[in-house]
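This is what each chain is made of:
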Amino acid sequence: MDYKDYQAGQTADNFWFRAKYKLIHLLMEKNCKKQGGEPLKILSIGTGTGDDLKILKSFGNNYVTDILPEALAIVPDEVCFEKRIADACDLPYEDNFFDIVVSFDVFEHIEGDKKAVSEVYRVLKKGGSLVYSVPAGPGLFSSHDVALEHYRRYNKKMVKELFSNFDQVKTYSWNTLLYPLIALSRIKNKNAAPRVDHPKFPAFIDNLFYYLLCFDNFLIKRGLTLPVGISITGWCKK
């Protein structure tokens, strides 16, 4: 979870986060081959409050970085092999060190996103994967993005250009069935005062939205995707 979401009162039991954590598990399953010997080395950049680290820990050892010490202070030590305050554009690790790098809704926070991606490429082993998600739809940039200190939202062309140094780039739309509702809200609030969106819904609505998001997980598991979504997710292979 983004630290600013946390400050705004967002909680991990929200429908979006519940479905997102299932997505993360699915993406990791597709990129983490079971092998004997040493556990996989997994780097989480811009980890925020680290709510997804328990999932990642089931696949290997978590090396956790964030630029905010107050965010890292929240991350439980038991889900980390190592925690470091670090800039994603200047990672404190040697070349070809990690099996997996994860970046969930991070690159949009970085002005020099291409520099951050080049650092990810540098620290990844050959054959390693970057597993990522970014907010989609440049035209949906709104007060929500300003409040979260985003520099941009992406389309699939932008994502493929950002990851052009990788040999293989997979892109999937995520949060598609709720796209019309969320897009309308973001366009309406385009010029509003900066504010993090964290609406509270009755339990039955929250559960309905959760299952709508899980439809995207169902498609991605089968290698399918719809044309648009509020997020773009996937992986890149070095």
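Everything quoted here is computed from the prediction, not taken from an experiment.

Observations regarding the overall build of the protein
No. 1: The helix and strand inventory of the protein stands at nine helices and seven strands.
No. 2: Taken over C-alpha atoms, the radius of gyration comes to 17 Å for the protein, in line with the 18 Å a tight globule of 238 residues would show.
No. 3: In terms of its C-alpha atoms, the protein occupies a principal-axis envelope of roughly 50 × 40 × 35 Å.
No. 4: Buried residues in the protein amount to 52% of all 238 residues.
No. 5: Within the protein, contacts between residues at least 6 apart in sequence are counted, and of these 73% link residues at least 24 apart.
No. 6: Per element, the accessible surface of the protein, about 11400 Å² overall, is 56% carbon and sulfur.

Topic: the environment of Phe-104
No. 1: Note that Phe-104 resides in strand β4 (residues 98-104).
No. 2: Along the sequence, Phe-104 and Gly-128 sit 24 residues apart, while their C-alpha atoms lie 17 Å from each other.

Here's the deal with the packing of helix α2 (residues 15-31) against helix α9 (residues 203-221)
No. 1: Viewed as axis vectors pointing N to C, α2 and α9 meet at an angle of 15°, and their least axial separation amounts to 8 Å. As far as their axial angle goes, α9 and α2 are roughly parallel. Seen from above, α2 lies across α9 with right-handed handedness. Listed contacts from α9 to Phe-15, Trp-16, Arg-18, Ala-19, Lys-22, Leu-23, Leu-26, Leu-27 and Lys-30 of α2 are Asp-206, Asn-207, Phe-209, Tyr-210, Leu-213, Cys-214, Asn-217, Ile-220 and Lys-221.

Focus: helix α5 (residues 113-123)
No. 1: Turning to α5, its buried residues are Asp-113, Ala-116, Val-117, Glu-119, Val-120 and Val-123. Viewed end-on, α5 has its buried residues packed into an arc of 155°, placing them on one side of the element.
No. 2: On its buried side, α5 packs onto β1 (40-45), β4, β5 (124-135) and α7 (156-162).

A closer look at the nonpolar core
No. 1: In terms of nonpolar packing, the biggest core is built from 40 residues, with Met-28, Val-102 and Val-131 touching the most fellow members.
No. 2: Looking at this core element by element, the count peaks at nine residues for α2.
No. 3: Val-131 has contacts with Leu-27, Met-28, Asn-31, Ile-100, Val-101, Val-102, Ser-103, Phe-104, Gly-234 and Trp-235, leaving out every residue within four places of it along the chain.
No. 4: Formed by 29 residues, the second largest nonpolar core is a distinct cluster that contains Tyr-93, Val-123, Leu-162 and Phe-166.

Digging into a nonpolar patch on the surface
No. 1: The grouping of Leu-177, Phe-215, Phe-218 and Leu-226 at the surface amounts to a nonpolar patch, some 320 Å² of accessible area in total.
No. 2: With respect to the helices, strands and loops of the structure, Phe-218 is situated in helix α9.

Some thoughts on the UniProt feature "domain: Methyltransferase type" (unreviewed entry) in the protein
No. 1: Under the present numbering, the feature "domain: Methyltransferase type" (unreviewed entry) in UniProt falls on residues 43-131.
No. 2: Secondary structure within residues 43-131 divides into 22% helix and 33% strand; the distance between the first and last C-alpha atoms comes to 10 Å.

About the cut-offs
Residues numbered from 1 in each chain as written. Predicted model: local features only at pLDDT ≥ 70, side-chain atom pairs only at ≥ 80, totals over all residues. Heavy atoms only, no water. Helix = DSSP H or I, 4+ residues; strand = E, 2+ residues; numbered from the N terminus. Rg over C-alpha atoms; globule rule 2.2 N^0.38 Å. Buried < 20%, exposed > 50% of the residue type's maximum accessible area, 1.4 Å probe, protein only. Contact = heavy atoms within 4.5 Å. Areas by Shrake-Rupley, 256 points an atom, 1.4 Å probe, with all protein chains shown as cover. Axes fitted to C-alpha atoms, helices over the stretch in contact; angles between N-to-C directions. Parallel < 35°, antiparallel > 145°, perpendicular 65-115°, else oblique. Left-handed = near helix turned anticlockwise from the far one by under 90°. Arc of directions from axis to C-beta. Core = buried A, V, L, I, M, F, W, Y, C linked by side-chain atoms within 4.5 Å. Patch = residues over 30% accessible without salt bridge, like charges linked within 9 Å, V, L, I, M, F, W, Y side chains within 5 Å. Salt bridge = Lys/Arg side-chain N within 4 Å of Asp/Glu carboxyl O. UniProt positions renumbered as here; feature names shortened; annotations may be inferred.

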